[in-house]
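Examination of the molecular architecture
The lines below spell out each chain.
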Amino acid sequence: MADIIPFKALRPRTDLIEKIAALPYDVYSREEARRKVAGDKYSFLRIDRPETQFPEGYDMYAPEVYEKAHDMLWEMVQKGEFVTEETPAYYVYELIMNGRSQTGICACASVEDYENQIIKKHENTRAEKEADRIRHVDICNAQTGPIFLAYRQREDIREQIEKAKKKRPLYHFTADDGIIHKVWIIDEEDSIKAIQEGFAKVDRVYIADGHHRCASAVKVSKKRREQNPGYTGKEAFHYFLSVIFPDDQLFIMDYNRVIKSLNGYTDEEFLARVSEIFDTVKAKEQPYHPARKGEMGMYLKDTWYKLSVKKGMVSGDPVKDLDVALLQDNLLEPVLGILDPKSDERIDFVGGIRGLEELERRVKTDCKAAFAMYPTDIHELFAVADAGKLMPPKSTWFEPKLRSGIFIHSLED
(Lines give C-alpha, C1' and ligand atoms only; values in the text may rest on other atoms or scores of the structure.)
Protein backbone atom coordinates (compact mmCIF):
# COMPACT_ATOMS: atom_id res chain seq x y z
CA MET A 1 0.00 0.00 0.00
CA ALA A 2 1.16 3.56 -0.70
CA ASP A 3 3.47 5.23 1.82
CA ILE A 4 2.74 8.96 1.33
CA ILE A 5 4.13 10.93 4.25
CA PRO A 6 4.12 14.53 5.56
CA PHE A 7 7.43 16.37 5.56
CA LYS A 8 9.12 19.53 6.79
CA ALA A 9 8.99 21.62 3.64
CA LEU A 10 11.53 24.23 2.81
CA ARG A 11 9.29 26.91 1.27
CA PRO A 12 9.46 30.58 0.21
CA ARG A 13 8.79 33.41 2.57
CA THR A 14 5.22 34.57 2.00
CA ASP A 15 6.17 37.95 0.53
CA LEU A 16 8.52 36.31 -2.01
CA ILE A 17 6.37 33.45 -3.31
CA GLU A 18 5.39 35.19 -6.57
CA LYS A 19 9.00 36.11 -7.30
CA ILE A 20 10.44 32.67 -6.51
CA ALA A 21 7.91 30.19 -7.97
CA ALA A 22 8.86 29.16 -11.51
CA LEU A 23 7.74 26.83 -14.26
CA PRO A 24 9.61 23.49 -14.41
CA TYR A 25 13.15 23.47 -15.75
CA ASP A 26 12.29 21.31 -18.77
CA VAL A 27 9.69 23.60 -20.35
CA TYR A 28 12.44 26.03 -21.41
CA SER A 29 15.17 25.77 -23.99
CA ARG A 30 18.60 26.87 -22.86
CA GLU A 31 18.22 30.30 -24.48
CA GLU A 32 14.68 30.77 -23.18
CA ALA A 33 15.84 29.99 -19.64
CA ARG A 34 18.71 32.46 -19.94
CA ARG A 35 16.37 35.24 -21.08
CA LYS A 36 13.83 34.41 -18.38
CA VAL A 37 16.25 34.83 -15.48
CA ALA A 38 18.28 37.74 -16.82
CA GLY A 39 18.56 40.29 -14.03
CA ASP A 40 16.31 38.23 -11.75
CA LYS A 41 17.68 37.44 -8.29
CA TYR A 42 14.71 35.40 -7.03
CA SER A 43 13.31 33.10 -9.74
CA PHE A 44 13.81 29.47 -8.84
CA LEU A 45 14.60 28.78 -12.48
CA ARG A 46 18.11 30.09 -11.70
CA ILE A 47 18.58 27.13 -9.36
CA ASP A 48 16.86 24.56 -11.57
CA ARG A 49 18.87 25.76 -14.58
CA PRO A 50 22.14 26.99 -13.05
CA GLU A 51 23.92 27.10 -16.41
CA THR A 52 22.09 30.41 -16.90
CA GLN A 53 24.53 31.92 -14.40
CA PHE A 54 27.52 31.18 -16.65
CA PRO A 55 28.62 32.60 -20.02
CA GLU A 56 26.84 31.41 -23.15
CA GLY A 57 28.24 28.12 -24.42
CA TYR A 58 29.53 27.09 -20.99
CA ASP A 59 29.37 23.34 -20.33
CA MET A 60 26.01 23.03 -18.57
CA TYR A 61 27.05 19.69 -17.05
CA ALA A 62 30.31 20.91 -15.49
CA PRO A 63 30.65 20.23 -11.74
CA GLU A 64 30.85 23.93 -10.92
CA VAL A 65 27.44 24.49 -12.54
CA TYR A 66 25.75 22.13 -10.07
CA GLU A 67 27.76 23.63 -7.22
CA LYS A 68 26.37 27.01 -8.25
CA ALA A 69 22.83 25.64 -7.90
CA HIS A 70 23.69 24.39 -4.40
CA ASP A 71 25.21 27.70 -3.37
CA MET A 72 22.29 29.80 -4.64
CA LEU A 73 19.72 27.61 -2.91
CA TRP A 74 21.37 27.51 0.48
CA GLU A 75 22.33 31.19 0.30
CA MET A 76 18.60 31.97 -0.06
CA VAL A 77 17.93 29.77 2.96
CA GLN A 78 20.60 31.57 4.99
CA LYS A 79 19.09 34.93 4.04
CA GLY A 80 15.70 33.80 5.30
CA GLU A 81 14.14 33.89 1.83
CA PHE A 82 13.08 30.29 2.44
CA VAL A 83 11.69 29.04 5.73
CA THR A 84 11.62 25.48 7.08
CA GLU A 85 8.47 24.02 8.60
CA GLU A 86 8.96 23.15 12.27
CA THR A 87 6.93 19.93 12.14
CA PRO A 88 6.04 17.54 9.29
CA ALA A 89 2.95 18.58 7.35
CA TYR A 90 0.95 17.93 4.23
CA TYR A 91 0.17 20.80 1.86
CA VAL A 92 -2.96 21.24 -0.22
CA TYR A 93 -1.99 22.71 -3.61
CA GLU A 94 -4.69 24.12 -5.88
CA LEU A 95 -4.10 25.39 -9.42
CA ILE A 96 -6.77 27.26 -11.37
CA MET A 97 -6.51 27.69 -15.15
CA ASN A 98 -9.25 29.40 -17.16
CA GLY A 99 -11.64 28.96 -14.25
CA ARG A 100 -10.97 25.22 -13.93
CA SER A 101 -9.53 24.03 -10.60
CA GLN A 102 -7.46 21.00 -9.72
CA THR A 103 -6.33 20.25 -6.18
CA GLY A 104 -3.75 17.78 -4.89
CA ILE A 105 -1.61 17.12 -1.85
CA CYS A 106 2.09 17.92 -1.68
CA ALA A 107 3.86 15.18 0.27
CA CYS A 108 6.76 12.77 0.03
CA ALA A 109 6.34 9.41 -1.69
CA SER A 110 8.36 6.30 -0.95
CA VAL A 111 11.31 5.23 -3.10
CA GLU A 112 10.55 1.67 -2.01
CA ASP A 113 7.03 1.99 -3.45
CA TYR A 114 8.58 2.94 -6.80
CA GLU A 115 10.97 0.00 -6.67
CA ASN A 116 8.11 -2.37 -5.76
CA GLN A 117 5.86 -0.94 -8.52
CA ILE A 118 3.20 0.40 -6.20
CA ILE A 119 4.13 3.68 -7.90
CA LYS A 120 3.78 2.84 -11.56
CA LYS A 121 5.40 4.44 -14.60
CA HIS A 122 4.21 4.61 -18.20
CA GLU A 123 7.35 6.02 -19.89
CA ASN A 124 10.96 5.03 -20.27
CA THR A 125 13.62 7.52 -19.28
CA ARG A 126 16.78 8.66 -21.05
CA ALA A 127 20.08 8.14 -19.26
CA GLU A 128 21.50 11.58 -20.11
CA LYS A 129 18.42 13.39 -18.75
CA GLU A 130 18.51 11.26 -15.61
CA ALA A 131 22.20 12.00 -15.09
CA ASP A 132 21.58 15.75 -15.08
CA ARG A 133 18.89 15.58 -12.37
CA ILE A 134 20.86 13.01 -10.35
CA ARG A 135 23.74 15.47 -10.10
CA HIS A 136 21.37 18.34 -9.35
CA VAL A 137 19.60 16.53 -6.49
CA ASP A 138 22.77 15.01 -5.09
CA ILE A 139 24.85 18.19 -5.06
CA CYS A 140 22.01 20.49 -3.94
CA ASN A 141 21.17 17.91 -1.26
CA ALA A 142 17.54 18.66 -1.99
CA GLN A 143 14.70 17.75 -4.35
CA THR A 144 13.54 20.98 -5.93
CA GLY A 145 10.86 19.94 -8.42
CA PRO A 146 7.84 17.82 -7.43
CA ILE A 147 6.88 14.66 -9.29
CA PHE A 148 3.28 14.78 -10.54
CA LEU A 149 1.46 11.68 -9.25
CA ALA A 150 -2.14 10.48 -9.60
CA TYR A 151 -4.41 8.09 -7.73
CA ARG A 152 -8.03 6.99 -7.81
CA GLN A 153 -10.16 9.36 -5.75
CA ARG A 154 -10.85 8.44 -2.11
CA GLU A 155 -13.58 10.10 -0.08
CA ASP A 156 -11.59 10.10 3.18
CA ILE A 157 -8.71 12.00 1.58
CA ARG A 158 -11.07 14.36 -0.26
CA GLU A 159 -12.75 15.27 3.04
CA GLN A 160 -9.42 16.30 4.57
CA ILE A 161 -8.57 18.42 1.53
CA GLU A 162 -11.92 20.22 1.70
CA LYS A 163 -11.47 20.76 5.44
CA ALA A 164 -8.06 22.36 4.87
CA LYS A 165 -9.38 24.65 2.12
CA LYS A 166 -11.72 26.30 4.61
CA LYS A 167 -8.70 27.82 6.34
CA ARG A 168 -6.75 30.87 5.22
CA PRO A 169 -4.18 29.84 2.59
CA LEU A 170 -0.44 30.08 3.14
CA TYR A 171 -0.04 31.34 -0.42
CA HIS A 172 -2.43 32.80 -2.96
CA PHE A 173 -0.97 34.34 -6.09
CA THR A 174 -1.47 34.61 -9.83
CA ALA A 175 1.55 33.73 -11.95
CA ASP A 176 2.50 35.73 -15.02
CA ASP A 177 0.80 33.14 -17.27
CA GLY A 178 -2.53 33.71 -15.51
CA ILE A 179 -2.52 30.48 -13.48
CA ILE A 180 -3.79 30.97 -9.92
CA HIS A 181 -1.92 29.08 -7.20
CA LYS A 182 -3.18 28.46 -3.67
CA VAL A 183 -1.55 26.49 -0.86
CA TRP A 184 -2.91 25.45 2.55
CA ILE A 185 -1.04 23.59 5.29
CA ILE A 186 -2.34 20.47 7.03
CA ASP A 187 -0.48 20.15 10.32
CA GLU A 188 -3.19 18.91 12.70
CA GLU A 189 -2.35 15.43 14.01
CA ASP A 190 -5.80 13.96 13.36
CA SER A 191 -5.86 15.18 9.75
CA ILE A 192 -2.31 13.97 9.09
CA LYS A 193 -3.25 10.55 10.46
CA ALA A 194 -6.40 10.39 8.33
CA ILE A 195 -4.54 11.26 5.13
CA GLN A 196 -1.67 8.88 5.80
CA GLU A 197 -4.11 6.06 6.58
CA GLY A 198 -6.14 6.92 3.48
CA PHE A 199 -3.13 6.60 1.22
CA ALA A 200 -2.16 3.36 2.98
CA LYS A 201 -5.36 1.92 1.45
CA VAL A 202 -4.34 3.00 -2.07
CA ASP A 203 -2.77 0.04 -3.84
CA ARG A 204 -1.59 1.87 -6.97
CA VAL A 205 -0.19 5.33 -7.59
CA TYR A 206 0.77 6.55 -11.06
CA ILE A 207 3.44 8.91 -12.37
CA ALA A 208 1.54 11.40 -14.50
CA ASP A 209 4.52 13.63 -15.28
CA GLY A 210 8.13 13.79 -14.10
CA HIS A 211 9.51 10.34 -14.93
CA HIS A 212 13.09 11.62 -15.16
CA ARG A 213 12.89 13.51 -11.86
CA CYS A 214 11.43 10.42 -10.21
CA ALA A 215 14.02 8.01 -11.58
CA SER A 216 16.77 10.44 -10.56
CA ALA A 217 15.48 10.70 -6.99
CA VAL A 218 15.40 6.92 -6.77
CA LYS A 219 19.00 6.62 -8.00
CA VAL A 220 20.22 9.25 -5.54
CA SER A 221 18.48 7.24 -2.81
CA LYS A 222 20.22 4.06 -3.96
CA LYS A 223 23.58 5.84 -3.98
CA ARG A 224 23.07 7.11 -0.44
CA ARG A 225 21.95 3.71 0.81
CA GLU A 226 25.21 2.29 -0.49
CA GLN A 227 27.13 5.10 1.22
CA ASN A 228 25.25 4.56 4.51
CA PRO A 229 25.02 0.80 5.16
CA GLY A 230 23.50 1.43 8.59
CA TYR A 231 20.49 3.31 7.21
CA THR A 232 17.14 2.82 8.93
CA GLY A 233 14.72 3.45 6.08
CA LYS A 234 13.42 6.63 7.69
CA GLU A 235 16.04 8.97 6.24
CA ALA A 236 14.87 11.78 3.94
CA PHE A 237 16.57 10.18 0.92
CA HIS A 238 14.09 7.27 1.11
CA TYR A 239 11.35 9.61 -0.13
CA PHE A 240 10.84 11.97 -3.03
CA LEU A 241 8.92 15.24 -3.37
CA SER A 242 5.51 14.83 -5.01
CA VAL A 243 2.17 16.45 -5.62
CA ILE A 244 -0.46 13.74 -5.83
CA PHE A 245 -3.85 14.38 -7.48
CA PRO A 246 -7.04 12.30 -7.59
CA ASP A 247 -8.01 11.08 -11.06
CA ASP A 248 -11.17 13.19 -11.29
CA GLN A 249 -9.18 16.43 -10.92
CA LEU A 250 -6.76 16.03 -13.80
CA PHE A 251 -6.82 17.76 -17.17
CA ILE A 252 -4.92 16.24 -20.08
CA MET A 253 -4.62 18.21 -23.29
CA ASP A 254 -3.92 16.89 -26.76
CA TYR A 255 -0.33 16.31 -27.84
CA ASN A 256 -0.29 16.96 -31.57
CA ARG A 257 2.04 15.96 -34.40
CA VAL A 258 3.54 17.90 -37.30
CA ILE A 259 5.25 16.18 -40.22
CA LYS A 260 8.11 17.77 -42.16
CA SER A 261 8.21 15.36 -45.12
CA LEU A 262 5.63 13.23 -46.94
CA ASN A 263 8.24 10.61 -47.87
CA GLY A 264 8.09 11.44 -51.58
CA TYR A 265 4.30 11.61 -51.86
CA THR A 266 2.53 14.60 -53.34
CA ASP A 267 -0.23 16.13 -51.23
CA GLU A 268 -2.85 14.39 -53.38
CA GLU A 269 -1.10 11.01 -53.21
CA PHE A 270 -0.71 11.30 -49.45
CA LEU A 271 -4.38 12.19 -48.98
CA ALA A 272 -5.29 9.11 -51.02
CA ARG A 273 -3.13 6.89 -48.82
CA VAL A 274 -4.62 8.39 -45.67
CA SER A 275 -8.12 7.71 -47.05
CA GLU A 276 -7.23 4.04 -47.51
CA ILE A 277 -6.31 3.75 -43.84
CA PHE A 278 -8.84 6.01 -42.07
CA ASP A 279 -12.36 7.10 -42.93
CA THR A 280 -11.51 10.55 -44.27
CA VAL A 281 -13.80 13.50 -44.98
CA LYS A 282 -13.26 17.22 -45.34
CA ALA A 283 -14.06 18.69 -41.94
CA LYS A 284 -17.09 20.94 -41.63
CA GLU A 285 -15.26 23.07 -39.07
CA GLN A 286 -12.05 24.76 -40.15
CA PRO A 287 -9.85 24.29 -38.12
CA TYR A 288 -11.01 20.93 -36.82
CA HIS A 289 -10.43 19.49 -33.36
CA PRO A 290 -11.51 15.86 -32.84
CA ALA A 291 -14.60 15.48 -30.69
CA ARG A 292 -14.04 11.97 -29.33
CA LYS A 293 -11.60 9.09 -29.05
CA GLY A 294 -11.00 7.41 -32.41
CA GLU A 295 -11.05 10.71 -34.31
CA MET A 296 -8.16 12.87 -35.50
CA GLY A 297 -7.84 16.11 -37.38
CA MET A 298 -5.42 16.40 -40.31
CA TYR A 299 -4.30 19.70 -41.81
CA LEU A 300 -2.95 19.32 -45.34
CA LYS A 301 -2.61 21.94 -48.07
CA ASP A 302 -4.76 24.61 -46.35
CA THR A 303 -7.57 22.16 -45.56
CA TRP A 304 -8.66 20.32 -42.41
CA TYR A 305 -9.87 16.73 -42.65
CA LYS A 306 -11.63 14.56 -40.12
CA LEU A 307 -10.05 11.10 -39.80
CA SER A 308 -11.93 8.28 -38.09
CA VAL A 309 -10.53 4.92 -37.00
CA LYS A 310 -12.02 2.11 -39.09
CA LYS A 311 -13.70 -0.94 -37.62
CA GLY A 312 -11.21 -3.71 -36.97
CA MET A 313 -8.31 -1.39 -36.10
CA VAL A 314 -8.99 -1.61 -32.35
CA SER A 315 -7.40 -4.68 -30.77
CA GLY A 316 -8.12 -4.46 -27.04
CA ASP A 317 -4.46 -3.76 -26.23
CA PRO A 318 -4.18 -0.71 -23.91
CA VAL A 319 -1.16 0.66 -25.79
CA LYS A 320 -2.03 -0.20 -29.39
CA ASP A 321 -5.53 1.24 -28.98
CA LEU A 322 -4.31 4.70 -27.97
CA ASP A 323 -5.09 7.21 -30.72
CA VAL A 324 -1.43 8.27 -30.89
CA ALA A 325 -0.46 4.60 -31.39
CA LEU A 326 -3.13 4.02 -34.05
CA LEU A 327 -1.74 6.99 -36.00
CA GLN A 328 1.85 5.86 -35.56
CA ASP A 329 1.32 2.17 -36.33
CA ASN A 330 -1.06 2.57 -39.28
CA LEU A 331 0.19 5.71 -41.00
CA LEU A 332 3.35 7.36 -39.74
CA GLU A 333 5.47 4.21 -39.74
CA PRO A 334 4.22 2.21 -42.77
CA VAL A 335 3.52 5.17 -45.08
CA LEU A 336 5.95 7.87 -44.00
CA GLY A 337 8.70 5.59 -42.72
CA ILE A 338 8.86 7.25 -39.30
CA LEU A 339 10.03 4.23 -37.31
CA ASP A 340 11.14 5.97 -34.12
CA PRO A 341 9.23 9.18 -33.38
CA LYS A 342 11.64 9.93 -30.52
CA SER A 343 14.59 10.40 -32.84
CA ASP A 344 13.22 10.93 -36.36
CA GLU A 345 13.76 14.56 -37.36
CA ARG A 346 10.80 14.46 -39.76
CA ILE A 347 8.29 14.58 -36.90
CA ASP A 348 7.79 17.20 -34.23
CA PHE A 349 5.30 17.49 -31.35
CA VAL A 350 3.14 20.46 -30.38
CA GLY A 351 1.39 20.67 -27.02
CA GLY A 352 -2.32 21.37 -27.15
CA ILE A 353 -1.83 24.48 -25.02
CA ARG A 354 -0.56 26.17 -28.19
CA GLY A 355 -3.79 25.62 -30.10
CA LEU A 356 -4.64 24.50 -33.64
CA GLU A 357 -3.38 27.81 -34.99
CA GLU A 358 0.16 26.66 -34.20
CA LEU A 359 -0.39 23.53 -36.31
CA GLU A 360 -1.54 25.68 -39.22
CA ARG A 361 1.44 28.00 -38.79
CA ARG A 362 3.89 25.09 -38.83
CA VAL A 363 2.38 23.64 -42.03
CA LYS A 364 2.55 27.05 -43.69
CA THR A 365 6.21 27.51 -42.71
CA ASP A 366 8.32 24.38 -42.21
CA CYS A 367 6.02 21.32 -42.31
CA LYS A 368 3.86 19.43 -44.79
CA ALA A 369 1.02 18.09 -42.62
CA ALA A 370 -0.29 18.24 -39.07
CA PHE A 371 -2.41 15.91 -36.95
CA ALA A 372 -4.65 17.16 -34.15
CA MET A 373 -5.20 14.41 -31.60
CA TYR A 374 -8.01 13.75 -29.14
CA PRO A 375 -6.52 13.94 -25.61
CA THR A 376 -5.46 10.71 -23.96
CA ASP A 377 -7.68 9.94 -20.96
CA ILE A 378 -6.14 9.52 -17.50
CA HIS A 379 -7.71 6.06 -17.24
CA GLU A 380 -6.02 5.04 -20.48
CA LEU A 381 -2.75 6.02 -18.78
CA PHE A 382 -3.73 3.93 -15.74
CA ALA A 383 -4.55 0.92 -17.94
CA VAL A 384 -1.18 1.06 -19.69
CA ALA A 385 0.71 1.34 -16.39
CA ASP A 386 -1.36 -1.45 -14.80
CA ALA A 387 -0.46 -3.71 -17.71
CA GLY A 388 3.23 -2.98 -17.13
CA LYS A 389 3.52 -1.39 -20.56
CA LEU A 390 4.79 1.94 -21.85
CA MET A 391 2.96 4.68 -23.72
CA PRO A 392 4.25 6.01 -27.04
CA PRO A 393 6.33 9.19 -26.70
CA LYS A 394 4.44 12.45 -26.32
CA SER A 395 1.09 10.84 -25.50
CA THR A 396 0.00 13.24 -22.74
CA TRP A 397 0.23 16.97 -22.10
CA PHE A 398 -0.83 17.93 -18.59
CA GLU A 399 -1.94 21.45 -17.75
CA PRO A 400 -1.47 23.47 -15.68
CA LYS A 401 2.17 22.84 -14.84
CA LEU A 402 3.28 22.52 -11.23
CA ARG A 403 5.62 25.30 -10.10
CA SER A 404 9.11 24.62 -8.85
CA GLY A 405 10.39 26.42 -5.77
CA ILE A 406 7.11 26.41 -3.82
CA PHE A 407 8.07 23.20 -1.99
CA ILE A 408 11.57 21.85 -1.49
CA HIS A 409 12.41 18.53 0.16
CA SER A 410 15.76 18.80 1.90
CA LEU A 411 17.78 15.57 2.07
CA GLU A 412 19.59 16.79 5.18
CA ASP A 413 18.46 14.73 8.20
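Now for a quick tour of the structure.

**Some words on the overall build of the chain**
For the chain, the count of helices and strands is 13 helices and 21 strands. Its C-alpha atoms give the chain a radius of gyration of 23 Å, within 12% of the compact-globule value 22 Å for 413 residues. Each principal axis of the C-alpha atoms in the chain carries an extent, and together these give about 65 × 50 × 45 Å. The contacts in the chain between residues at least 6 apart in sequence include a share of 77% that link residues at least 24 apart.

**Observations regarding the pattern of salt bridges**
Going through the model one piece at a time under the given rule, you end up with 34 salt bridges. Here the salt bridges do not stand alone but share partners, grouping D48, D132 and R133 into one network.

**Thoughts on the packing of aromatic side chains**
Counted by the stated rule, this structure contains 12 aromatic pairs. An angle of 70 degrees between the planes, with centres 5.7 Å apart, marks the rings of F7 and Y91 as edge-to-face. Here F7, found in the loop between β1 (4–5) and β2 (10–12), pairs with Y91, found in strand β4 (residues 90–97); they are 84 residues apart in sequence, far enough to count as distant. Relative accessible area serves as the criterion here: at 0%, Y91 is assigned to the buried category. Geometrically, the ring pair formed by Y91 and F407 is tilted, given 5.4 Å between the ring centres and 45 degrees between the ring planes. Of this pair, Y91 sits in strand β4 while F407 sits in the loop between β20 (397–398) and β21 (409–410), and the two are 316 residues apart along the sequence. Each member of the pair, Y91 as well as F407, is classed as buried. Site record: aromatic cluster; members linked through ring pairs are F7, Y91, Y93 and F407.

**Considering empty space enclosed by the protein**
Summed over all chains, the structure comprises two cavities of 30 Å³ or more. Of the volumes computed, that of the largest cavity is approximately 110 Å³. Lining the largest cavity are 14 residues, and of these R133, V137, T144, G145 and R213 lie nearest its centre. Among the secondary structure elements, those contributing two or more residues to the lining of the largest cavity are α6 (127–140), α9 (211–227) and β12 (239–246). In terms of lining, the second largest cavity is formed by R257, V324, Q328, L332, P341, I347, F349, P392 and P393. Elements represented by at least two residues in the lining of the second largest cavity include exactly α11 (323–332) and β18 (347–351). Looking at which element gives the most residues to the lining of the second largest cavity, the answer is α11, with three residues. In terms of residue class, the lining of the second largest cavity is built from seven nonpolar, one polar and one charged.

**Section: the side chain of D247**
Relative to the helices and strands, D247 resides in the loop between β12 and β13 (252–253). Of the side chains with opposite charge, R152 lies nearest to the buried D247, which makes no salt bridge, at 5.2 Å. Sequence-distant contacts of D247, that is, excluding residues within four places in its chain, are made with Y151, R152, Q153, I378, H379 and F382.

**Side note on unusual backbone geometry**
Between Q286 and P287 the backbone carries a cis peptide bond, its omega angle lying at 5 degrees. With an omega of -5 degrees, the peptide bond running from E399 to P400 counts as cis. By the secondary structure assignment, P400 is in the loop between β20 and β21. Although it is not a glycine, N141 adopts a positive phi angle of roughly 60 degrees. Along the chain, N141 falls in the loop between α6 and β7 (142–143). The buried category is assigned to N141, whose relative accessible area is 16%.

What counts and how
- Residues numbered from 1 in each chain as written.
- Predicted model: local features only at pLDDT ≥ 70, side-chain atom pairs only at ≥ 80, totals over all residues.
- Heavy atoms only, no water.
- Helix = DSSP H or I, 4+ residues; strand = E, 2+ residues; numbered from the N terminus.
- Rg over C-alpha atoms; globule rule 2.2 N^0.38 Å.
- Contact = heavy atoms within 4.5 Å.
- Salt bridge = Lys/Arg side-chain N within 4 Å of Asp/Glu carboxyl O.
- Phe/Tyr/Trp six-rings, centres within 6.5 Å; stacked < 30°, edge-to-face > 60°.
- Buried < 20%, exposed > 50% of the residue type's maximum accessible area, 1.4 Å probe, protein only.
- 1 Å grid on protein atoms, 1.4 Å probe; cavity = no way out; pocket = protein on both sides within 12 Å on 5 of 7 lines; lining within 4 Å.
- Points joined across faces, edges and corners; volume = space filled by probe spheres on them.
- Nonpolar A, V, L, I, M, F, W, Y, C, P; charged D, E, K, R; others polar.
- Lys, Arg positive; Asp, Glu negative; His and termini not counted.

Functional significance is not addressed by these values, which are geometric in nature.
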